[in-house]
Amino acid sequence: MKKDKILVIGACGQIGVELTLALRKMYGDANVLASDLREEHELLKGTGPYVSLDVMNKEMLHVLVIRHNITQIYLLAAILSATGEKNPLLAWHINMQSLLNVLDIAKEENLDKIYWPSSIAVFGPNSPMQETPQHTIIEPTTIYGISKFAGERWCEYYHHRYGVDVRSLRYPGLISYKSAPGGGTTDYAVEIFHEAKENKSYTSFLSENTYLPMMYMPDAIRATIELMEANAADVTIRSAYNLSAMSFSPKEIAAEIKKHIPAFTISYEPDYRQQIADGWPNSMDDSLARQDWKWHPEYDLEKMTADMLKNI
Ligand code: NAD
């Protein structure tokens, strides 16, 4: 039997660091090759092999895959929602070409499995806002959402046309303390914890009643691994699964933090990210993930807040 050999692309990002560490625990340190444009993240140092890689360079990627006998790729490199709005053509170019490079090499080298995350950003103002279903109106208005939606179609296409076993999740906003977020619209929900601890106050770039779907990083890592471990026959969605854990507003997370830090205060100065958030769902229906591969989140707002404040 072929041994699993995993390449993580974008391993130094908010998700990449924790996912790489989790995969190394499961598959053995030497079998998970971390890569990124950036210098190796402090938390990855000494935990396993690392290479510098620009995923846009298809030849380099191809050589790396052959040289290291890679069987699975986790592609996490991307330009996120808020950064994407500052340079839409660059975001489109990087988000699409990185995925096409990976899918095409997976086809050519007959790789076992590919993971690539999508986002709640695929939905737009015409999608139902509450408990947004898996299959509904999808008219994204940010370049990030447009690139994620196009990416989902490419994943399904490569699966049906060439048999590539590619799997994907529409992550909600992800909250973590180990590695910093990379320019998304939900970053406020990470910043607020740091500011609460350091300064006992926070100015939110989203308005007080902006509800968005969110998830604590341990749940996101577990969801990713559970989807990738599921039997191929049980994975009925080959675009990207809706995934859900909790939904809250800046006002609600502030109230939860106040239970631990009574002096904490919040103020609101919405900026360009408010418009992005206004087009996204308030909450998600992830019943297909629950049905197909038995997804169940562990963290709600209360449990996550206690854990974040303990660990920051
Ligand atoms: P991030 O910005 O923190 O990390 C991305 C990493 O990719 C960075 O370390 C960056 O250096 C690297 N990278 C960028 N361009 C590269 C290139 N050309 N070659 C190699 N590496 C490159 O992002 P993240 O939050 O970890 O997100 C990972 C994936 O999950 C992305 O596809 C993102 O769209 C998706 N996602 C994230 C969230 C979230 O809340 N964090 C929510 C939904 C979806």
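Residues numbered from 1 in each chain as written. Predicted model: local features only at pLDDT ≥ 70, side-chain atom pairs only at ≥ 80, totals over all residues. Heavy atoms only, no water.

**Thoughts on the sheet that holds strand S8 (residues 169-171)**
Next up, step 1: Strand order in the open sheet formed by 3 strands is S6-S8-S12, with parallel pairing between adjacent strands. Pairing within the sheet leaves two strands with one partner each, and these edge strands are strand S6 (118-119) and strand S12 (241-242).
Next up, step 2: Here S6 pairs with S8 via 2 bridges, running parallel. When the bridges of S8 are listed, Ser119 appears paired with Tyr171.
Next up, step 3: Packed onto the sheet, helix H7 (residues 217-229) meets S8 and S12 and runs at close to 175° relative to S8. (Pairing = 2+ DSSP bridges. Helix = DSSP H or I, 4+ residues; strand = E, 2+ residues; numbered from the N terminus. Contact = heavy atoms within 4.5 Å. Axes fitted to C-alpha atoms, helices over the stretch in contact; angles between N-to-C directions.)

**What to know about the site of the ligand**
Next up, step 1: With respect to spatial proximity, 27 residues lie near the ligand, and among them Gln14, Ile15, Asp36, Tyr144 and Lys148 are the closest.
Next up, step 2: A distance of 3.3 Å separates an oxygen atom of the ligand from a polar atom in the backbone of Gly13.
Next up, step 3: Surface burial for the ligand is 93%, taken as the share of its 830 Å² of free accessible area covered by protein chains.
Next up, step 4: Counting residues per element, the ones that place at least two in the shell around the ligand are helix H1 (14-27), S6, helix H5 (143-162) and strand S9 (173-175).
Next up, step 5: Taken together, the residues that form the shell around the ligand break down as 15 nonpolar, 8 polar and 4 charged. (Near = heavy atom within 4 Å. Polar contact = N/O pair within 3.5 Å; in protein donor to acceptor, adjacent residues only side chain to side chain. Areas by Shrake-Rupley, 256 points an atom, 1.4 Å probe, with all protein chains shown as cover. Nonpolar A, V, L, I, M, F, W, Y, C, P; charged D, E, K, R; others polar.)

**Remarks on unusual backbone geometry**
Next up, step 1: Even without being glycine, Asn69 reaches a positive phi, approximately 50°.
Next up, step 2: Relative to the elements of secondary structure, Asn69 occurs in the loop between helix H2 (58-67) and strand S4 (72-75).

**Points about the side chain of Asp292**
Next up, step 1: By secondary structure assignment, the location of Asp292 is in helix H10 (residues 287-293).
Next up, step 2: Buried and unpaired, Asp292 has no salt bridge, with Lys294 as the nearest side chain of opposite charge at 6.8 Å.
Next up, step 3: A polar contact of 2.3 Å, which involves the side chain of Asp292, links it to the side chain of Thr236.
Next up, step 4: Those residues in contact with Asp292 that lie beyond four places of it in its chain are Asp234, Thr236, Ile237 and Tyr241. (Buried < 20%, exposed > 50% of the residue type's maximum accessible area, 1.4 Å probe, protein only. Lys, Arg positive; Asp, Glu negative; His and termini not counted. Salt bridge = Lys/Arg side-chain N within 4 Å of Asp/Glu carboxyl O.)

**Things to note about the pattern of salt bridges**
Next up, step 1: Within the structure shown, the criterion is met by 15 salt bridges.
Next up, step 2: With a closest N to O distance of 3.9 Å, Lys310 and Asp307 form a salt bridge. With a gap of 3 residues between them, Lys310 and Asp307 both fall in helix H11 (residues 301-311), about one helical turn apart.
Next up, step 3: For Lys310, a relative accessible area of 64% gives the class exposed.
Next up, step 4: What makes Asp307 buried here is its relative accessible area of 18%.
Next up, step 5: Salt bridges sharing common partners tie together Lys58, Asp104, Lys107 and Glu108.

**Concerning the side chain of His41**
Next up, step 1: Structurally, His41 can be placed in the loop between strand S2 (32-36) and strand S3 (50-52).
Next up, step 2: Among the residues examined, His41 registers a relative accessible area of 19% and is labelled buried.
Next up, step 3: Setting aside chain neighbours within four positions, we find His41 in contact with Cys12, Val17, Lys178 and Ser179.

**Details of the packing of helix H8 (residues 250-260) against H11**
Next up, step 1: Where H8 contacts H11, the two axes come as close as 10 Å, and the packing angle between them is 55°. With respect to each other, H8 and H11 are oriented oblique. For the crossing formed where H8 meets H11, the hand is right-handed. Listed contacts from H11 to Glu252, Ile253, Glu256, Ile257 and His260 of H8 are Leu301, Glu302, Met304, Thr305, Ala306 and Leu309.
Next up, step 2: Along the lines of polarity and charge, the residues of the contact of H8 with H11 split into 6 nonpolar, 2 polar and 3 charged. (Parallel < 35°, antiparallel > 145°, perpendicular 65-115°, else oblique. Left-handed = near helix turned anticlockwise from the far one by under 90°.)

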